[in-house]
Amino acid sequence: MPKIQIRNDILNLVQLQEELDGILFDYIDTSKKWDLAFEELKQLLDELVTYFKKYVQRKDGRLPESDTYWSLFIDIVSKIIYFKTIAYMNLVKEMTEEQKEQIKKSFHDAANCLPDVQGRNLEFLQELSETYNQLFHEEDEFERYYLDKNNGLKDCIRFFNEFCNQYGKNILN
């Protein structure tokens, strides 16, 4: 059952942010219930992928324009991918090489959905990068790569469209 309201083809981003904040507070910040966090974040991401695919389909394959709505949408997507990956990592006791590669890919997916990392999203990129470096010991390469790349909103929307088309092929989805 969908958690997020959609009216007139517009997803309620305030409600989406509140859902994300609630999951982070209830299952990650206060209680470390990684299984619940993972399931809830997966459900949110499933809904966003479905919503986005239907949106693009209704627009005859045209991607959304760069505007404030889609900027907020893609910021939230990036955070959901990141925190879902964190929850997954805390569920797995001993990671296989395949799981490590999928986790690495998920960190890159989150970063590729993050526009304006030299500006308003710098702090989140630094958090993402710090976690990535702790896991994969590639000091500063991750952050430097995305700072140099500095995706614009159009780049992130394009990437998320590709992500949606591949969704379900990663062991984390």
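This section reports on the structure supplied with the text. (Residues numbered from 1 in each chain as written. Predicted model: local features only at pLDDT ≥ 70, side-chain atom pairs only at ≥ 80, totals over all residues. Heavy atoms only, no water.)

### A look at unusual backbone geometry
Next, step 1: Although it is not a glycine, Asn 8 sits at a positive phi angle of roughly 50 degrees.
Next, step 2: Its place among the elements puts Asn 8 in the loop between strand S1 (6-7) and strand S2 (10-11).
Next, step 3: On the accessibility criterion, Asn 8 (75% relative accessible area) is exposed.
Next, step 4: In this structure, Lys 32 takes a positive phi of about 55 degrees despite not being glycine.
Next, step 5: We classify Lys 32 as partly exposed; its relative accessible area is 47%. (Helix = DSSP H or I, 4+ residues; strand = E, 2+ residues; numbered from the N terminus. Buried < 20%, exposed > 50% of the residue type's maximum accessible area, 1.4 Å probe, protein only.)

### A closer look at the packing of aromatic side chains
Next, step 1: A full pass over the atoms with the stated rule returns 21 aromatic pairs.
Next, step 2: Aromatic side chains Tyr 145 and Tyr 146 sit 4.8 Å apart centroid to centroid with 90 degrees between the ring planes, which places their arrangement in the edge-to-face category.
Next, step 3: Residue Tyr 145 is classed as partly exposed on the basis of its relative accessible area of 45%.
Next, step 4: Summarising the aromatic geometry, the rings of Phe 163 and Tyr 167 are spaced 5.6 Å apart at their centres and angled 50 degrees between planes, so their arrangement reads as tilted.
Next, step 5: Overall, the relative accessible area of 8% leaves Phe 163 in the buried class.
Next, step 6: On the basis of relative accessibility, which here comes to 18%, the residue Tyr 167 falls in the buried class.
Next, step 7: Through a chain of ring-to-ring contacts, the aromatic side chains of Tyr 51, Phe 52, Tyr 55, Tyr 69, Trp 70, Phe 73, Phe 160, Phe 163 and Tyr 167 assemble into a single cluster.
Next, step 8: Over the ring of Phe 124 we find Lys 79, and its NZ or CZ is 4.9 Å from the ring centre.
Next, step 9: The ring centre of Phe 136 lies 5.0 Å from the NZ or CZ of Lys 104, which sits over that ring. (Phe/Tyr/Trp six-rings, centres within 6.5 Å; stacked < 30°, edge-to-face > 60°. Lys NZ or Arg CZ within 6 Å of the ring centre and 35° of its normal.)

### A closer look at the side chain of Ser 129
Next, step 1: With respect to the helices, strands and loops of the structure, Ser 129 is situated in helix H5 (residues 122-136).
Next, step 2: Taking relative accessible area as the criterion, Ser 129 reaches 0% and is therefore assigned buried.
Next, step 3: When sequence neighbours within four positions are dropped, the list of residues in contact with Ser 129 reads Phe 142 and Glu 143. (Contact = heavy atoms within 4.5 Å.)

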